[in-house]
Each structure stands twice: as structure tokens, then as C-alpha cells.
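# Results of the structural survey
So the chains spell out like this:
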Amino acid sequence: MVHIYTLTLSPSLDSGTLTPQIYPEGKLRCSAPVFEPGGGGINVARAITQLGGKATAIFPAGGATGEHLVALLADERVAVDTVQAKDWTRQNLHVHVESSGEQYRFVMPGAMLTDDEFRQLEEKVMAIESGSLLVISGSLPPGVKTEKLTQLIHAAQKLGLRCVVDSSGDALTAALESGNLELIKPNQKELSALVNRALTQPDDVRDAAQELVRSGKSRRVVVSLGPQGALAVDESGYVQVVPPPMKSQSTVGAGDSMVGAMTLKLAQGASLLEMTRHGVAAGSAATINKGTRLCSLADTQKIVNYFTQQ
């Protein structure tokens, strides 16, 4: 098995709660909060672990919230390799309103990352064995410019690391400048921004994804299409995987679950179709859970079985 590592530059401690209804000014009585680890790469490592694989999460951790985050990951048996940060790890809040079924996600700014802290994270990446998969996922925190991300990916690739990137905006654009990424997972809007044109016709999404593959920016492009599943492209062709109809309880964690499952399959040398089926299955499995829960192995396998029986 190829070793898997994830890098999260802006981790979080996520708290979730329920309230009967939401309105201004008055006191909103809430249920006891449930705390979970947060941050793109951290959630990818958690999803891989829940799916029976192994991954080591690299991230900065600061203050009491950082300690709580590390402790929660230990409870889930997720291996970690942390850098002590001066700023406290941010804490986000997810509120589910029982009367309406609505969800409110209060996302705080990432903790500031100093030059020295970023250098320490780089050193941990540079110590990873050649041939490993490195998943860089999530947003960039204050103090980290996109040029640093590009340089980090370049350095990792020179050491023989296979890089998967799941981000958006300037961070994703900067990552693609490195070229030869193993996998990216934009949604249709993000893909449109990457190719700088509207994607309105049925074949536009496929053509845009193939364009990124042909340009050498990424070996695989998997476009997340929400309830319509995903369209995946590599140099050999393309596949589209549509999940079975199911009632969505929450989309939180679906993307990270999808990336986790696909990375695990990449590590196992799976085909484009098998990788995408497991990714869509894991992402769909996460949506049937309330709150911030990720995919479970049992739910993911049920959906994979549905694909293989078609």
C-alpha cells in the first residue's frame, strides 16, 4: 500500500448544536455541543481511516482548541504529525434548526501561520518517503501567500511525492501552476473559473476537464456535480458516476469524504471508474448523516454495491 499523508494549513475545531428555531436578539436554547475535528486535510485523513485505510494528518495546532483537536483525532485513531502554533486553532460553529431543517455554518478565520511555523510544516512534508500520496486540502490561512503553496508542491514533487489538491479560488489556481498533480476535484463553478469560461452546454464540463488533463496540470480531474455525482477524466478517457436517489441531511463533509475515498483507491492502484465510484459513494454516504459526520464504511459499501449491480 502506498502511504498517504494529508496537509491542512488551516485546521479547525468544529462544534455542532441543535436549536428549535432561530430568530434575532432572543436567547436561542441549544443542545449540548458536539465537538469534531475540522479542516480539509484532517477530514480527508479521518474519512480514509473510517474506510479502513491509514493516513497521517500534518497540521499546525495551537492553544487549548488545538489540544482538543489532537485529542479528538487520537480518539478516532487518526495518526497526526503536528507543529506547535502560536495562535489558537480556530473554532467553527454549525447550528441545525429543528423547525426548518436549515443549517447555519459559522466559519471563523484561520489562525495566523508564521513563516517559521510554515517552514516546520514544510520540513515534515520533505521528510515523507518518495512515492507517497500527499493530499493538500482546505483554505490558506492568514500569512500564507499562494506562492508558498506553489513552491511547497514543487518541492514535494521533486522528492517524488504524488500530490492531490482539493481547494478553491487562488489556492487551487496556484496549485495547478505546479503541474503534474495527481488529482483535483473542482465543482462545476470552480472548473469554469479555472478555464476562464462559462460551462453551459452538456459537453462543456467534460471538455474543460480534458483541457486541464491535456495541459499537464493534473493527471486526473474529477468534477463534483452534487446530486448528479461526478464526471472523471484522465488521459485514457472519461466516466460519469451518478449515485442512487437518497434524502440528503447535510452536505458538510461530503467533499472531504469523496477525496478521502478516491485517494485511498489511488493508493491501491484502482482504475478511474473504480476510484470515482468509491468517491461518489463516500460523498453520498456523508450526505445522509445529520450535522458534520463523515462517511461510514457500511454506507459507502452499500452504494458501491449499487454501482456494481447496475
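Above this text is the structure in question.
Residues numbered from 1 in each chain as written. Predicted model: local features only at pLDDT ≥ 70, side-chain atom pairs only at ≥ 80, totals over all residues. Heavy atoms only, no water.

In terms of helices and strands, the protein carries ten helices and 13 strands. In terms of C-alpha radius of gyration, the protein reaches 19 Å, essentially the compact-globule figure of 19 Å for 310 residues. Among the 310 residues that make up the protein, the fraction classed as buried is 52%. Of the contacts formed within the protein by residues at least 6 apart in sequence, a portion of 65% connects residues at least 24 apart. Of note, the protein has its 28 positive side-chain charges centred 4 Å away from the centre of its 31 negative side-chain charges. (Helix = DSSP H or I, 4+ residues; strand = E, 2+ residues; numbered from the N terminus. Rg over C-alpha atoms; globule rule 2.2 N^0.38 Å. Buried < 20%, exposed > 50% of the residue type's maximum accessible area, 1.4 Å probe, protein only. Contact = heavy atoms within 4.5 Å. Lys, Arg positive; Asp, Glu negative; His and termini not counted. Charge placed at Lys NZ, Arg CZ, Asp CG, Glu CD.)

Looking now at the pattern of salt bridges. Here the structure, examined in full by the defined rule, presents 14 salt bridges. With its nearest N and O atoms 3.7 Å apart, the salt bridge here joins glutamate 36 to arginine 46. Taken together, the residues glutamate 36 in strand E3 (residues 34-38) and arginine 46 in helix H1 (residues 40-50) connect sequence positions ten residues apart. Classification of glutamate 36 as buried rests on a relative accessible area of 14%. Relative accessible area serves as the criterion here: at 2%, arginine 46 is assigned to the buried category. (Salt bridge = Lys/Arg side-chain N within 4 Å of Asp/Glu carboxyl O.)

Tracing the backbone through its elements, the reader meets leucine 13 in strand E2 (residues 12-19). Separated by 76 residues in the primary sequence, leucine 13 and threonine 89 have C-alpha atoms spaced 7.0 Å apart. Apart from residues lying up to four places away in sequence, leucine 13 is in contact with Phe35, Glu36, Thr65, His68, Leu69, Leu72, Thr89, Arg90, Gln91 and Asn92.

The next point concerns the sheet that holds strand E7 (residues 103-106). Pairing is mixed across the open sheet formed by four strands, whose spatial order is E3-E2-E6-E7. Each edge of the open sheet is held by one strand with a lone partner, namely E3 and E7. Neighbour-to-neighbour, the strand axes of the sheet open up by a mean angle of 20°, direction not taken into account. One ladder, built from four bridges, connects strand E6 (residues 90-97) with E7; its direction is antiparallel. Note that in E7 the partner of leucine 93 across the bridge is phenylalanine 106. (Pairing = 2+ DSSP bridges. Axes fitted to C-alpha atoms, helices over the stretch in contact; angles between N-to-C directions.)

Another point: the environment of leucine 183. Along the chain, leucine 183 turns up in strand E10 (residues 183-184). On the basis of relative accessibility, which here comes to 1%, the residue leucine 183 falls in the buried class. Distance from leucine 183 to threonine 263, taken between C-alpha atoms, is 8.5 Å for residues 80 residues apart in sequence. Apart from the residues lying within four places of it in its own chain, the contact partners of leucine 183 are Cys163, Val164, Val165, Ser218, Arg220, Val222, Met262, Leu266 and Met275.

This paragraph deals with the side chain of serine 178. Topologically, serine 178 is positioned in helix H5 (residues 169-178). Residue class for serine 178 comes out buried when judged on its relative accessible area of 10%. When neighbours within four sequence positions are excluded, serine 178 is seen to be in contact with Thr150, Ile153, His154 and Gln157.

What follows covers the packing of helix H3 (residues 115-126) against helix H4 (residues 146-158). At a minimum axis separation of 10 Å, H3 and H4 run at an interaxial angle of 20°. The orientation of H3 with respect to H4, classified from their angle, is roughly parallel. Considering the relative orientation of H3 and H4, their crossing is right-handed. Residues Asp115, Phe118, Glu122, Val125 and Met126 of H3 lie in contact with H4, whose contacting residues are Lys148, Leu152, Ala155 and Ala156. Of the residues that constitute the contact of H3 with H4, the class distribution is six nonpolar, no polar and three charged. (Parallel < 35°, antiparallel > 145°, perpendicular 65-115°, else oblique. Left-handed = near helix turned anticlockwise from the far one by under 90°. Nonpolar A, V, L, I, M, F, W, Y, C, P; charged D, E, K, R; others polar.)

We now examine helix H9 (residues 272-287). If you check H9, its first and last C-alpha atoms are 23 Å apart, about what 16 residues at 1.5 Å a residue would give, namely 22 Å. A large share of H9 lies buried, amounting to 13 of its 16 residues. (Expected span 1.5 Å × (residues − 1).)

Shape is all these values report; function is a separate question.
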